[in-house]
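# Chains, contacts and geometry: an overview
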Amino acid sequence: MFQYNGRTKHVFLKGPGCQWHKRSKNGRCTLATMSSTGVDGHLQKRCPPHPISDPVVLRLVNSSSLCVGRVEVLHRHEWGTVCGDSWDEEDATVVCQQLGCGMVVSAPDAAWFGQGCNAVWLDDVNCTGREDTLLNCLARPWGTHSCDHGEDACVVCSDSSSHHTAIHTSPTELRLVNGPNRCSGRVEVMHDHQWGTVCDDDWSFPDASVVCRQLGCGTAVSAFGGAHFGQGSGPIWLDNVQCSGTEAALSECLARPWGVNNCDHGEDASVICTGTATNTPARLRLENGPSHCAGRVEVLYHHQWGTVCDHGWSLAEAAVVCRELGCGTAISAPGSAHFGQGSGRIWLDNVNCTGGEATLSECPARPWGSNSCDHREDAGVVCSDADTLERRPLRLANGSNSCLGRVEVFHDQKWGTVCDDTWDLHDAAVVCRQLGCGVALSAPGSAHFGPGADPIWLDGIHCTGTESALTECELSNWGEHNCGHSEDASVVCSGTNPLQVRVKDGPGPCAGQVEVLYNATWHRVCGSSWSLLEAGVVCRQLGCGPAQSAPVRAQLRQGDGHALLKGLSCRGTESLLLECQQREMGPGPCRQGFTAGVVCTEQKDLIQSCSVLAGLLGMGAMLCGTLLVLYLWTRCGRRAGRSPDKPLIQKTEDTGTSSEA
């Protein structure tokens with residue numbers, strides 16, 4: 001054990017190949033001069049220099065920036081972590097300086113950015129903050145530690161926003177050139193209307209896997225550097241690309257900013273894919289229409305539903321969709337989000353069918369995820385299926401999404417509302433089922449989503465809740481009613497992706513960081529417009545008491561920087577967060593970078609308060625009872641103390657007096 005700058009460090013030294021020395025000249029043994037040997041008492045054992053002398057054997061991983069994350073060091077050709085024992089801002093300062101990431105912001109430990117794997121290389125790191133590299137700091141010998149990965153050290157540097165970040169939230173067009181086929185060659189990406197190459201720094205098999213997946217070219221076979229398929233020309237757009245291998249597009253991976261690199265075209269990255277994209281047609285559906293044969297076109301790719309851009313969309317493409325779904329022939333091919341804007345990925349663009357294909361997957365199109373669209377250009381289809389004509393169209397209007405709002409039905413070529421007389425959850429269940437919107441959560445009346453416009457088509461609806469369409473329920477005659485639009489009926493359905501809510505990293509079930517389940521993924525919520533109104537709805541949905549505060553905090557954990565949920569805005573009267581959902585809601589970059597939290601009153605606190613009140617009332621009742629008993633006892637005691645003859649004497653005297661009179 002020895003002390004340096006007032007901090008005690010334990011170093012255990014054993015093993016051959018080292019010689020004992022008195023204290024070194026500067027009074028310390030650094031990482032660069034220690035191996036698995038150490039100090040005993042006042043003697044210090046100096047070992048041969050560590051074979052790794054390159055200071056750039058350090059990285060921060062598992063975040064959206066290369067200047068934020070879990071600290072990892074390279075030793076014996078293997079990356080390993082650093083234990084958080086005695087980890088502080090002096091140690092983190094050296095890491096930030098070594099990586100050129102500015103000043104230290106914080107030095108979290110306890111695996112704040114997730115647990116690493118493989119070795120824990122360093123423990124009890126002790127820097128003064130003035131060292132050039134982490135290797136110049138004091139520490140235990142390599143691999144000697146008393147930690148597990150739950151204690152991995154982490155760093156947040158000040159330049160985290162200006163260094164290596166995700167390339168873009170929307171997929172970038174990609175191609176492989178100069179190879180034997182479209183699934184092998186030099187990787188090139190489109191940026192600023194110009195094709196450019198990718199540098200092979202950090203280029204690896206996971207990166208190649210993402211390229212092959214995005215191009216629909218099967219799986220990766222090889223990930224070459226050194227301009228394996230010849231040198232490109234023009235800009236080198238990307239460098240230090242780091243993918244986990246699970247991303248759907250290269251633009252979801254970490255990399256330096258566009259055009260920032262230290263490469264030449266002799267380092268162009270390349271890929272060889274199997275070229276055997278799956279022969280199974282992509283699943284297809286029509287959403288947000290009056291039936292399963294009319295609506296917004298959506299395809300399933302990489303386990304995620306996404307839309308189709310309307311560029312080049314025509315009756316030929318619609319005919320293929322109708323054929324694939326067994327919905328007859330195509331009647332129309334509307335674009336411009338005719339059936340509402342979708343969410344999530346836009347998987348296909350520039351689809352070009354002849355009209356004779358059996359499935360949409362057979363039609364030529366840009367690579368999966370490559371597009372120049374937004375959801376205002378989502379393609380739709382209306383097929384001739386008789387089922388579309390048998391059922392009267394139905395929609396939910398004036399809600400924040402297509403699965404909640406004012407109920408409107410189409411009759412006599414005109415949309416009209418439904419009166420809330422007898423309207424209940426059974427009727428709402430049928431509406432949700434007919435629209436493919438999950439289950440009914442509530443059936444509000446009194447124009448909950450605002451009054452509609454004439455006509456009012458239906459009144460006195462009676463459903464059992466098992467019907468497949470509203471027109472199968474017991475109805476009055478069309479247009480007969482005794483209502484005004486202040487009585488318009490509404491529905492709140494769970495939707496295909498119900499917004500479940502939970503709190504994390506808090507002291508209890510009613511306080512913490514808010515997380516919302518959206519498209520089967522838990523997302524934290526952007527705090528840029530977060531207020532007590534939204535917090536109140538969250539508390540209500542969690543079954544907690546009223547909201548006490550709506551705190552926001554800087555996001556630090558993995559994924560928060562590029563996956564915060566935006567677009568929630570509540571009035572404060574809603575029962576469910578689902579009712580606050582906005583059409584433009586979805587995960588994306590949060591401008592201020594703060595995540596939303598909530599502190600609700602816990603029910604146990606309310607119960608305790610009620611228990612105290614009940615106790616006080618009980619004590620008051622007991623006191624009143626005691627006073628009543630004392631009063632009655634005193635009154636009865638006075639009467640009992642009187643002579644029993646007195647009333648008779650008084651009566652006799654009264655009688656005598658009367659006789660004399």
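If you're wondering where the values come from, they're calculated on a predicted model, not measured in any experiment.

### Notes on the state of the cysteines
Think of a disulfide as a covalent bridge from one cysteine sulfur atom to another cysteine sulfur atom. Scanning the entire structure with this criterion turns up 17 disulfides. The disulfide that involves Cys309 links it to Cys373, with 1.9 Å between the sulfurs. Looking along the S-S bond of the Cys309-Cys373 disulfide, the torsion reads about -90°, which is the left-handed sense. Placement of the pair is Cys309 in the loop between strand E22 (304-308) and helix H3 (315-325) and Cys373 in the loop between strand E24 (345-348) and strand E25 (380-383), with a sequence separation of 64 residues. You'll find Cys309 and Cys373 in the same group, each marked buried.

### Here's the deal with H3
Within H3, burial applies to Glu317, Ala318, Val320, Val321 and Cys322. On its buried face, H3 is in contact with strand E20 (284-291), strand E21 (294-301), strand E23 (330-332) and E25. A positive phi of about 70° marks Gly326, the residue just after H3.

### Here's the deal with a nonpolar patch on the surface
On the surface, Leu623, Leu627 and Leu630 cluster together into a nonpolar patch covering about 300 Å² of accessible area. In this structure, Leu630 sits in helix H7 (residues 603-641). For Leu630, a relative accessible area of 47% translates into the label partly exposed.

### Examining unusual backbone geometry
Look at His193: it is not a glycine, yet its phi comes out positive at around 65°. On the accessibility criterion, His193 (78% relative accessible area) is exposed. With phi around 55°, Ser446 is a residue other than glycine that occupies positive phi space. The topology assignment puts Ser446 in the loop between strand E29 (440-442) and strand E30 (456-458). Here Ser446 falls in the exposed class, since its relative accessible area comes to 55%.

### Quick word on the nonpolar core
The biggest cluster of nonpolar side chains holds 28 residues, and the ones touching the most others in it are Val73, Val82, Trp87, Leu122, Val125, Leu134 and Val155. Taken together, the elements giving at least two residues each to this core come down to strand E6 (58-61), strand E7 (68-75), helix H1 (89-99), strand E10 (120-122) and strand E11 (154-157). A total of four residues in this core trace back to one element, the largest contributor, which is H1. By size, the runner-up hydrophobic cluster in this structure holds 25 residues, among which are Val189, Cys212, Leu215 and Trp237.

### Side note on the pattern of salt bridges
Enumeration according to the criterion identifies 15 salt bridges in this entry. The salt bridge partner of Glu72 is Arg70, with a shortest N-O separation of 3.0 Å. Take Glu72 and Arg70: they sit in the same class, and that class is buried. A salt bridge links Asp505 to Arg524, with the shortest nitrogen-to-oxygen separation between them at 2.5 Å. Placement of Asp505 in strand E32 (residues 500-508) and of Arg524 in strand E34 (residues 521-524) is noted, with a sequence separation of 19 residues between them. A relative accessible area of 46% places Asp505 in the partly exposed class. In the salt-bridge network here, residues are joined through shared partners; they are Arg285, Glu287, Arg296 and Glu298.

### Considering the confidence of the model for the chain
Put simply, the chain has an average pLDDT of 76, and 77% of its residues get 70 or more. Of the regions scoring below 50 in pLDDT, residues 161-169 engages in 32 contacts with residues more than four places distant in sequence or in other chains. The model gives residues 558-562 a pLDDT under 50, and that stretch makes 11 contacts with residues more than four places away or in other chains.

### Quick notes on the packing of aromatic side chains
Evaluation of the coordinates by the stated rule reveals four aromatic pairs. Centre to centre, the rings of Trp121 and Trp142 are 6.4 Å apart; their planes meet at 75°, and the pair counts as edge-to-face. Highlighted residues: Trp121 in strand E10 and Trp142 in the loop between E10 and E11, separated in sequence by 21 residues. Each member of the pair, Trp121 together with Trp142, is buried. Geometrically, the ring pair formed by Trp237 and Trp258 is edge-to-face, given 6.1 Å between the ring centres and 85° between the ring planes. Linking Trp237 in strand E17 (residues 236-238) with Trp258 in the loop between strand E18 (254-255) and strand E19 (270-273), this pair joins segments that are 21 residues apart in sequence. Each member of the pair, Trp237 as well as Trp258, carries the same accessibility label: buried. Stacked on the ring of Trp195, the Lys or Arg Arg175 has its end atom at 4.0 Å from the ring centre.

### What to know about the environment of Ile456
Mapping Ile456 onto the fold places it in strand E30. Of the residues examined, Ile456 reaches a relative accessible area of 5% and is grouped as buried. A sequence separation of 38 residues divides Ile456 from Val418, and the C-alpha atoms of the two residues are 5.8 Å apart. Ignoring anything within four residues of it in the chain, the contact list for Ile456 reads Thr417, Cys419, Gly479, His481, Cys483, Gly484 and His485.

### Observations concerning the side chain of Thr307
Looking at the element boundaries, Thr307 is found in strand E22. Apart from the residues lying within four places of it in its own chain, the contact partners of Thr307 are Arg296, Val297, Glu298, Gly342, Arg345, Ile346, Trp347, Leu348, His375 and Asp378.

### Structural notes on the pairing of strand E26 (residues 394-397)
When E26 meets strand E27 (residues 404-411), the two strands line up antiparallel, connected through four bridges. Looking at the pairing, Leu394 lines up with Val409 of E27. The loop that links E26 with its antiparallel partner E27 comprises six residues; one of these, Asn398, has a positive phi angle of about 65°.

About the cut-offs
- Residues numbered from 1 in each chain as written.
- Predicted model: local features only at pLDDT ≥ 70, side-chain atom pairs only at ≥ 80, totals over all residues.
- Heavy atoms only, no water.
- Disulfide = S-S within 2.5 Å.
- Helix = DSSP H or I, 4+ residues; strand = E, 2+ residues; numbered from the N terminus.
- Buried < 20%, exposed > 50% of the residue type's maximum accessible area, 1.4 Å probe, protein only.
- Contact = heavy atoms within 4.5 Å.
- Patch = residues over 30% accessible without salt bridge, like charges linked within 9 Å, V, L, I, M, F, W, Y side chains within 5 Å.
- Areas by Shrake-Rupley, 256 points an atom, 1.4 Å probe, with all protein chains shown as cover.
- Salt bridge = Lys/Arg side-chain N within 4 Å of Asp/Glu carboxyl O.
- Core = buried A, V, L, I, M, F, W, Y, C linked by side-chain atoms within 4.5 Å.
- pLDDT = per-residue confidence, 0-100.
- Phe/Tyr/Trp six-rings, centres within 6.5 Å; stacked < 30°, edge-to-face > 60°.
- Lys NZ or Arg CZ within 6 Å of the ring centre and 35° of its normal.
- Pairing = 2+ DSSP bridges.

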